[in-house]
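# Results of the structural survey
Okay, here's what each chain looks like letter by letter:
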Amino acid sequence: MQPAGAQAPTNPPAAKSADAVDAADAAPSSVPPKVGVLTWNICGAINSCPNSDRPSRKINELVDRVQDDDSIAVVMIQEACDSLHSTPLETALNRDTSGEWVVRHRTAKTIGTDNPVRCPRSGKYEAGVAIAMKKLPGSDLVHDGRGEPGWDMTFGSTSEPGGKHTQGAACIEDRGNKLLACTSHFANKNADPSKALRKASAQDFRDQARDWQNGGYRTIIGGDLNLEPGDDGMDPLYDGNFEGDSDEKCTTTGPWYLKGCRNVAGSKLDYLFFSDYGWDLEQGRPIYVGSWRYDFGELSDHWMLKAAVKPSA
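A short tour of the structure in this document, coming up. (Residues numbered from 1 in each chain as written. Predicted model: local features only at pLDDT ≥ 70, side-chain atom pairs only at ≥ 80, totals over all residues. Heavy atoms only, no water.)

### Quick word on the state of the cysteines
As a reminder of what qualifies: The criterion for a disulfide is a pair of cysteine sulfur atoms lying within 2.5 Å. Exposure categories follow from relative accessible area, calculated using a 1.4 Å probe and restricted to protein chains: below 20% of the type maximum is buried, above 50% is exposed, and the middle band is partly exposed.
A complete count under the given rule lists four disulfides for this structure. Linked covalently through their sulfurs, cysteine 43 and cysteine 49 form a disulfide whose S-S length is 2.2 Å. Taking the torsion about the sulfur-sulfur bond, which here is approximately -85°, the covalent link between cysteine 43 and cysteine 49 counts as left-handed. For the pair shown, cysteine 43 and cysteine 49 are each scored as buried. There is a disulfide in this structure between cysteine 250 and cysteine 261, and the S-S distance comes to 2.0 Å. One disulfide, between cysteine 250 and cysteine 261, carries an S-S torsion of -85° and so falls in the left-handed class.

### So, the packing of helix α2 (residues 55-68) against helix α3 (residues 82-96)
For clarity, the cut-off: Every angle, taken between N-to-C directions, lies between 0 and 180 degrees, and every axis is a line fitted to C-alpha atoms, over only the stretch in contact when it is a helix. Note on conventions: DSSP H or I runs of at least 4 residues are helices, E runs of at least 2 residues are strands, and numbering of each starts at the N terminus. By convention, the crossing between two helices is left-handed when the near helix turns anticlockwise from the far helix through less than a right angle, and right-handed when the turn is clockwise. Contacts are assigned to residue pairs with any non-hydrogen atoms lying within 4.5 Å of each other. Only Asp, Glu, Lys and Arg are considered charged in this grouping, and only Ala, Val, Leu, Ile, Met, Phe, Trp, Tyr, Cys and Pro are considered nonpolar; every other residue, Gly among them, is considered polar.
Between α2 and α3, whose axes approach to 10 Å, the crossing angle comes to 40°. Read as a crossing pair, α2 and α3 show a hand that is right-handed. For the pair α2 and α3, the contacting residues are Pro55, Lys58, Ile59, Leu62, Val63, Val66 and Gln67 in the first and Leu84, His85, Pro88, Leu89, Ala92, Leu93 and Asp96 in the second. Here the residues of the contact of α2 with α3 are counted per class, giving 10 nonpolar, two polar and two charged.

### A word on the sheet that holds strand β6 (residues 168-174)
For clarity, the threshold we go by: If DSSP finds at least two bridges between two strands, the strands pair.
In space, the six strands of this open sheet follow the order β5-β6-β7-β8-β10-β9, with mixed pairing throughout. Both outer strands of the open sheet, β5 (151-154) and β9 (241-243), are each paired with one neighbouring strand and no more. Taking the axes of each pair of neighbouring strands and ignoring which way they run, one obtains an average angle of 25° across the sheet. Where strand β8 (residues 218-224) meets strand β10 (residues 270-275), five bridges bridge the pair, whose relative direction is antiparallel. Looking at the pairing, isoleucine 220 lines up with phenylalanine 274 of β10. Its contacts with the sheet put helix α4 (residues 196-214) on β5, β6, β7 (179-185), β8, β9 and β10, and the angle it makes with β8 is roughly 160°.

### Re a nonpolar patch on the surface
Applied cut-off: Residues with no salt bridge and a relative accessible area higher than 30% make up the patches, which join like charges within 9 Å and nonpolar side chains (Val, Leu, Ile, Met, Phe, Trp, Tyr) within 5 Å. Per-residue and other accessible areas were derived by the Shrake-Rupley procedure at a 1.4 Å probe size, with only the shown protein chains allowed to occlude residues. The term salt bridge refers to a side-chain nitrogen of Lys or Arg lying within 4 Å of a carboxyl oxygen of Asp or Glu.
Side chains of Trp256, Tyr257, Leu258, Val264, Trp292 and Phe296 sit close together on the surface and give an oily, nonpolar patch of about 710 Å² of accessible area. Along the chain, leucine 258 turns up in the loop between β9 and β10. The class of leucine 258 is partly exposed, set by a relative accessible area of 37%.

Structural data, given as structure tokens:
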């Protein structure tokens, strides 16, 4: 995978008028009639995470879900170590599922510094997020300056010590199908008690996705955003986008013995957002049932969230 700090080699395409986007510049019709997306905070980057010493179990769980649903074309993971999770995920998806997959890993940095975050299990400075995309008919995947698929998005309006901007997302751009997918893991409440970083991140995530939408791209953004439904910090993300689990907003964390959409001991922290332009929602829900280890909360402290959309006319 790419070294930390590799950046976007391209800028969003120039904005087009609504009429232009709706006509000749509309997203190509080679996008499948159903596109599934999966996001999961795998809880793999700290020693206290369940099964952190067995990273393959987390990867196998993801691959099993993709095998169950051939429509899944995008997989997002958070709290991942590149060598333990992101690279093995790419290998496993290509070996054990249909289609050809690429993965982009973005290594996180400690807030206000240039210091990459260390994964204690690997001993490497490689903790972060990753996004996998399956090549679709007509795909033309954009690579960074080092020849790796995808690029890193930086949230440039965060206020951090020294003028640093550590928050951002891992992105893969399919130029052939005018499709952009990105995943992020916003700062948690301990690192960001005022919510200032999370609010700025949400605004930046939305604004940068909107730039691509204005250029005729369908967008998919999501991850562990560490904000609950109804928090005003989430508001920007609903401007120009809809949520995959918009009708229920089910909890994605909480003890296994209380799991379910209204887990009183859990929270909804995980989200999938799709651009209003180019998509119609089919359905989105957390996945509460999998292997026995998954069912009993022995793989992560989060549940997977899956949503499916179809291209709109």
